[in-house]
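Listed below, chain by chain, are the residues.
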Amino acid sequence: MWRAGYRLLLWLALPWILARLWWRGRAEPGCRRDIGERFGFYREPAARPVIWLHAVSVGEIRAAEPLLRALQSRNPEFEILLTQMTATGREAAQQLFGDSVRIAWLAYDYPSAVGRFLRHFRPRLGILMETEIWFNLVDKARRCRVPLMLANARMSEKSARGYALVAPLVHRALGCMGAIAAQTEGDAERLRLLGARSVEVTGNLKFDAEPALGSEALAAQFRGWFGGRRVLLAASTREGEEELLLDALERNALGDAVLLIVPRHPQRFDAVAHLLSARGLKYTRRSANLPLERGCDFVLGDSMGEMAAYYRACDVAFIGGSLLAYGGQNLIEACAAGVPVLVGPHTYNFAQAADSAIAAGAARRVGDAEDLIRQARALLQDAALRERMGRSGVAFCAAHRGASKRTLAICERLLARRMINSSRADG
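Note that this is a predicted model, so its numbers are computed, not measured.

(A) Expanded view of the nonpolar core. Counting 50 residues, the largest nonpolar core has Trp52, Phe117, Leu174 and Ile180 as its most contacted members. One finds Ala219, Val258, Met307 and Ala313 within the second-largest nonpolar core, a separate group that totals 36 residues.

(B) Up close: the sheet that holds strand S11 (residues 298-300). Read from one edge to the other, the open sheet built from 7 strands follows the order S10-S11-S9-S8-S12-S13-S14, with strand pairing classed as parallel. The open sheet has two edge strands, strand S10 (283-285) and strand S14 (363-365), and neither has a second partner. Strand after strand, the sheet turns through a mean of 20° between neighbouring axes, direction not considered. Lying over the sheet, helix H10 (residues 241-251) contacts strand S8 (231-237), strand S9 (258-263) and S11, oriented at roughly 170° with respect to S9.

(C) Expanded view of the environment of alanine 336. On the secondary structure map, alanine 336 appears in helix H13 (residues 332-336). Here alanine 336 falls in the partly exposed class, since its relative accessible area comes to 30%. Between the C-alpha atom of alanine 336 and that of alanine 398, which follows or precedes it by 62 residues, the distance is 8.1 Å. Excluding anything up to four places from it in sequence, alanine 336 contacts Arg312, Gly393, Val394 and Cys397.

(D) Main features of the environment of arginine 116. Residue position: arginine 116 is located in helix H4 (residues 111-121). The class of arginine 116 is partly exposed, set by a relative accessible area of 24%. Once residues lying within four places of it in the same chain are set aside, the contact partners of arginine 116 are Phe39, Gly40 and Phe41.

(E) Representation of the packing of aromatic side chains. All chains considered together, the criterion is met by 10 aromatic pairs. Measuring from ring centre to ring centre gives 4.6 Å for tryptophan 11 and tyrosine 110, while their planes differ by 45°; the resulting arrangement is tilted. Of the two residues, tryptophan 11 is situated in helix H1 (residues 2-27) and tyrosine 110 in the loop between strand S3 (102-105) and H4; the sequence distance between them amounts to 99 residues. By relative accessible area, which is 48% here, tryptophan 11 ends up partly exposed. Residue classification places tyrosine 110 among the buried positions, given a relative accessible area of 2%. Of the aromatic side chains, those joined through ring pairs into one cluster are Tyr42, Trp52, Phe117 and Phe121.

(F) Focus on the sheet that holds strand S2 (residues 79-84). Strand order across the open sheet formed by 7 strands is S3-S2-S1-S4-S5-S6-S7, with parallel pairing between neighbours. Strands with a single pairing partner mark the edges of an open sheet, and in this sheet they are S3 and strand S7 (199-201). Across the sheet, the mean angle separating the axes of adjacent strands is 20° when strand polarity is ignored. Sheet topology note: the strand S5 (residues 148-153)/strand S6 (residues 179-182) ladder contains 3 bridges and is parallel. Across the sheet, residue leucine 150 finds its bridge partner in S6, namely isoleucine 180.

(G) Structural detail: the pattern of salt bridges. Counted according to the given criterion, the structure contains 33 salt bridges. Put simply, arginine 74 and glutamate 412 hold a salt bridge, and the shortest N to O gap is 3.1 Å. Of this pair, arginine 74 sits in helix H2 (residues 58-74) while glutamate 412 sits in helix H17 (residues 403-426), placing them 338 residues apart in sequence. Overall, the relative accessible area of 24% leaves glutamate 412 in the partly exposed class. A single network of salt bridges, built from pairs that share partners, joins Arg3, Asp139, Arg142, Arg143 and Arg172.

Conventions we followed
Residues numbered from 1 in each chain as written. Predicted model: local features only at pLDDT ≥ 70, side-chain atom pairs only at ≥ 80, totals over all residues. Heavy atoms only, no water. Core = buried A, V, L, I, M, F, W, Y, C linked by side-chain atoms within 4.5 Å. Buried < 20%, exposed > 50% of the residue type's maximum accessible area, 1.4 Å probe, protein only. Pairing = 2+ DSSP bridges. Helix = DSSP H or I, 4+ residues; strand = E, 2+ residues; numbered from the N terminus. Axes fitted to C-alpha atoms, helices over the stretch in contact; angles between N-to-C directions. Contact = heavy atoms within 4.5 Å. Phe/Tyr/Trp six-rings, centres within 6.5 Å; stacked < 30°, edge-to-face > 60°. Salt bridge = Lys/Arg side-chain N within 4 Å of Asp/Glu carboxyl O.

Here it is, written out as structure tokens:
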């Protein structure tokens, strides 16, 4: 009954899914590319055996990078298939991996579509990043004898409550997983309560990520543009947070410091530019490739794939999505760059990483936008404190590395089991 209801909802939602896809294509033309793939219609078959990794968008793709590189190095006889669901994710995949992997959309979770996807690529192993639990996909993979694992798995208390509303579907899907590599013991326990069986705590892959190639040179270029002025970076901000920051700045100035705003989603770049213009604030855009003019206190980071350089060019980093109840974004990259970090009250998506960074002295929590500006100003005026927090961030990240090695071991175990089962079936 639950599966039938889920399938009915999917078919009823189809007109809305298509309309939303086309609407998003106005701002992100990549959404309209290769639409047939979203329904399981692919062109060239794989020339070699396939290891398939699904990372829905930018954050998951960056997290998957150390694992994917390790899979490529240890399994050169396999073709790596990397699937996404968002245009920004596809662009990030192309920037990071180029032609070294095969990039495609993952089919929507209609039984016929995911069936065509699995028959076309016939993956020997499927790796789903973080919380990508698609009920029909998991069921079809089981029927096709494709082992699946959930890698870098996280399950916040809020997400667990949501999944509990469809507990029979979730219990079946998690129970079909060949392995689950959880980020933390808390994530593992919540996954077990939802029906997961083969759960291991492997840590967070994001601690193993290396800075993007050329990020230090680009950071030096940014610092030259800032002309020696100190910089507060508002990274991965979400809708509504920029207004809160600008309101707080009207009451508590940063002095001579620059506020660099990098919205989480590129389709909001123009909206944030309009917000700055409407307030009469002088700003420049990263895409202009120009140094700051006199009297300009704001920079809009309207670029993709340059966050590592932004972190290395700033003096203090605020991690967006945490002032309002979005759950926060990843603060690990900022800590690894040796920059003091500020987070808001809402970090439930990365609860343990945020709490651990605060306990390590690498980050501080603020109560609201005005508290953020006050604490940022204090940090910008205290070079010694910034240095201590930066060193703590680097040490914090170094102490938590190793997740990619542990996750790779699980992947290789599943691949070996798959080969043994195939040999028995052939025999």
